[in-house]
Structure formats: structure tokens, C-alpha cells
Amino acid sequence: PGAGRDRELLDLLSAELAEVKDKYLRALAEMENFKKRNNEDTVREKIYAAMPICGKLIDHLEVFDQAVSVPTEDPQFKNFLYGFKMIRDMLYGVLEEEGVTRVDIKVGDLFDPNLAQAVETTADPEKPDHVIVKVAKKGYRFKDRLLRPAMVVINLKPAPLKEAPASESGNKPNNDNNPNVA
């Protein structure tokens, strides 16, 4: 009788040991997956760490770009602007080294909502539908991500006017069932 009980106890302990071992191996695998994900997140954060500051700099550099593009005939002012243009070019160079590139969008291109944002529309029946007619602001990428979409004006052909269906009693609508009409 004692041997059967020992066998049951041994089977019970073996089952418990297998369960604990399975839980241990699962926890170990989860920990390894967590470490891997955490490492990937850290690498991704390092790759895109400069993205917010690059986005802010682009906006300010475009204002700076407009300021140094002022036309002038004054030779002294031209030299002054030339120096600032060199500084602007160096700043754009730094952004390019960090991975900032312009989104290539031109007038005449078909509107792509993944790269541009329509800020206005025109209705020119001579131009194709959804074509870009003006680039208001350039778009930029940061490495493989969109930093800022291009701000564009697109053409939307006017919808053809639909003629109202004529009523059976001529051009005058039947208002017999409408209590609001006298």
C-alpha cells in the first residue's frame, strides 16, 4: 500500500515540476522578448531623436529664407544678404546631414495626400482634377518619415449643374400637399 501512495506522490510532484518548469521557460522567453523590444525602441528613439528639433528649425529657416531673398540694388546690402545666405545654406546642410530632405512636389503633379496637404482649392475647368496648381509651402522628410507635408493648392473641377426635373403640371411645382405654401 505504501508503494502506490509513493507513486502517486511522485507523479503529482513530477506534474508540478513540469508546470513550474513550463512557467519558468515562458517567463524567460517573455523577458527575452521584452529586452529585444526595449532595445529596438531605444535604437528607434536614437534614430528619430532629432526629428522634433528639425521640424521646428525648418519653419524658422523658411522665414529666414524669405528675409534673405529680398531684392535689392544696394551693393552693401547685397553683401550683407550674401553672408546671411551662406549661413542659411550651412544650416540647411546640417539638416541634410541629419536626414532632412525635401519632398519632391511640383505644380502639375497629381495630389498625393500622403505627401501633401491641400490648404486651398481652385475650380479651373481647363486643368485636370486633383492636380497641384501651387505649392504654398515645401514639404520635408526626416529619414523615412514625413516631417511636414507640403502645403498645396489643388484644382477641383466644378461639378456640372444638374437641371431640376420638370413637374408634370408644367414648370410650376405642385404645392397642394404643402401646408406652408399659400
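The structure contained in this document is the topic of the report that follows.

About the cut-offs
- Position labels on residues start from 1 in each chain and follow its written sequence.
- Restriction of local features to residues with pLDDT of at least 70 applies here, the model being predicted, together with a cutoff of 80 or more for giving and counting side-chain atom pairs; totals for whole chains, interfaces and linings are based on all residues.
- By convention in this description, side-chain values take in all heavy atoms of the structure and omit both hydrogens and water.
- Numbered from the N terminus, helices here are DSSP runs of H or I no shorter than four residues, and strands are runs of E no shorter than two.
- Relative accessibility under 20% of the residue-type maximum defines a buried residue, over 50% an exposed one, and the middle range a partly exposed one, all with a 1.4 Å probe and only protein chains included.
- Pairs of residues are marked as contacts when any of their non-hydrogen atoms sit within 4.5 Å.
- What qualifies as a polar contact is a pair of N or O atoms within 3.5 Å, subject to a donor-acceptor requirement within protein and to the restriction that residues adjacent in sequence count only when both atoms come from side chains.
- Only when DSSP finds a minimum of two bridges between them are two strands counted as paired.
- To get an axis, fit a line to the C-alpha atoms, keeping to the stretch in contact for a helix; angles then go from 0 to 180 degrees between the N-to-C directions.
- Think of a salt bridge as a Lys or Arg side-chain nitrogen and an Asp or Glu carboxyl oxygen that are within 4 Å of each other.
- By this rule the span expected of a helix is its residue count minus one, scaled by 1.5 Å.
- Directions pointing from the helix axis toward each C-beta atom define the arc.
- Each Phe, Tyr or Trp ring, with Trp reduced to its six-membered ring, pairs with another whose centre is within 6.5 Å; inter-plane angles below 30 degrees give stacked pairs, above 60 give edge-to-face pairs, and intermediate values give tilted ones.
- In this analysis the charged atom, NZ for Lys or CZ for Arg, is taken to sit over a ring once it is within 6 Å of the ring centre and within 35 degrees of the ring normal.

For the rest of this paragraph, the subject is the side chain of aspartate 65. Structurally, the position occupied by aspartate 65 is in helix H2 (residues 51-68). Among the residues examined, aspartate 65 registers a relative accessible area of 18% and is labelled buried. For aspartate 65, the contacting residues outside a window of four places in its chain are Arg88 and Tyr92.

Okay, the side chain of asparagine 155 next. Mapped onto the secondary structure, asparagine 155 falls in strand E6 (residues 150-155). Engagement of the side chain of asparagine 155 in a polar contact is seen with the backbone oxygen of proline 128, the distance being 3.2 Å. In this structure, asparagine 155 is in contact with Thr122, Ala123, Asp124, Lys127, Pro128, Asp129, His130, Val131 and Val133, ignoring residues within four places of it in sequence.

The strand order E1-E4-E5 describes an open sheet built from three strands, whose pairing is antiparallel. Edge positions in the sheet fall to strand E1 (100-102) and strand E5 (145-148), since each has one partner strand and no second. Neighbouring strand axes in the sheet, compared pairwise and without regard to direction, differ in orientation by 35° on average. Across the face of the sheet, H2 comes into contact with E1, strand E4 (140-142) and E5 while running at roughly 40° to E5. Packing of helix H3 (residues 75-98) onto the sheet brings it into contact with E1 and E4, and relative to E1 it is tilted by some 110°.

A word on the pattern of salt bridges. Per the stated rule, a full pass over the model turns up ten salt bridges. Among the salt bridges present, the one from arginine 44 reaches aspartate 41, with a minimum N-O distance of 2.9 Å. On the criterion of helical spacing, the pair formed by arginine 44 and aspartate 41 is a turn pair, its members being three residues apart in helix H1 (residues 2-47). Owing to a relative accessible area of 35%, aspartate 41 belongs among the partly exposed residues under this scheme. Through salt bridges with shared partners, one network takes in Asp59, Glu62 and Arg148.

Within E6, six of the six residues are buried, which leaves it mostly tucked inside the rest of the structure. On E6, burial covers both faces: Ala150, Val152 and Ile154 on one face and Met151, Val153 and Asn155 on the other are all buried. Bridge analysis of strand E2 (residues 116-122) against E6 gives six bridges, and the strand direction is parallel. From the neighbouring strand, threonine 122 faces E6, where its bridge partner is asparagine 155.

To continue, consider H2. One full turn of an α-helix is made of 3.6 residues, so residues set three or four places apart face in the same direction. Along its 18 residues, H2 runs 25 Å from first to last C-alpha, staying within 8% of the 26 Å computed at 1.5 Å per residue. Along H2, the residues that are buried comprise Met51, Cys54, Gly55, Ile58, Leu61, Glu62, Asp65 and Val68. All buried residues of H2 project into a common sector of 145° when viewed along the axis, lining one side. Among the exposed residues of H2, those oriented more than 90 degrees off its buried face are Pro52, Ile53, Lys56, His60 and Val63. Among the structural elements, H3, E1, strand E3 (132-137), E4 and E5 are those in contact with the buried residues of H2.

A few words now on the packing of aromatic side chains. This model, assessed by the stated rule, comprises four aromatic pairs. Taking the centre distance of 6.3 Å and the plane angle of 25° together, the rings of phenylalanine 77 and phenylalanine 80 count as stacked. Taken as a pair, phenylalanine 77 and phenylalanine 80 lie in helix H3 at a separation of three residues, close to a single helical turn. Residue classification places phenylalanine 80 among the partly exposed residues on the basis of a relative accessible area of 49%. Between the aromatic rings of phenylalanine 80 and phenylalanine 84, the centroid separation amounts to 4.8 Å while the plane-to-plane angle is 75°, which identifies the pairing as edge-to-face. A residue pair is termed a helical-turn pair when its members lie 3 or 4 positions apart in one helix, as phenylalanine 80 and phenylalanine 84 do in helix H3 at four residues. We classify phenylalanine 84 as partly exposed; its relative accessible area is 29%. Cation over ring: arginine 102 sits above tyrosine 92, and NZ or CZ is 5.4 Å from the ring centre. Sitting over the ring of tyrosine 48, arginine 145 keeps its end group 3.6 Å from the ring centre.

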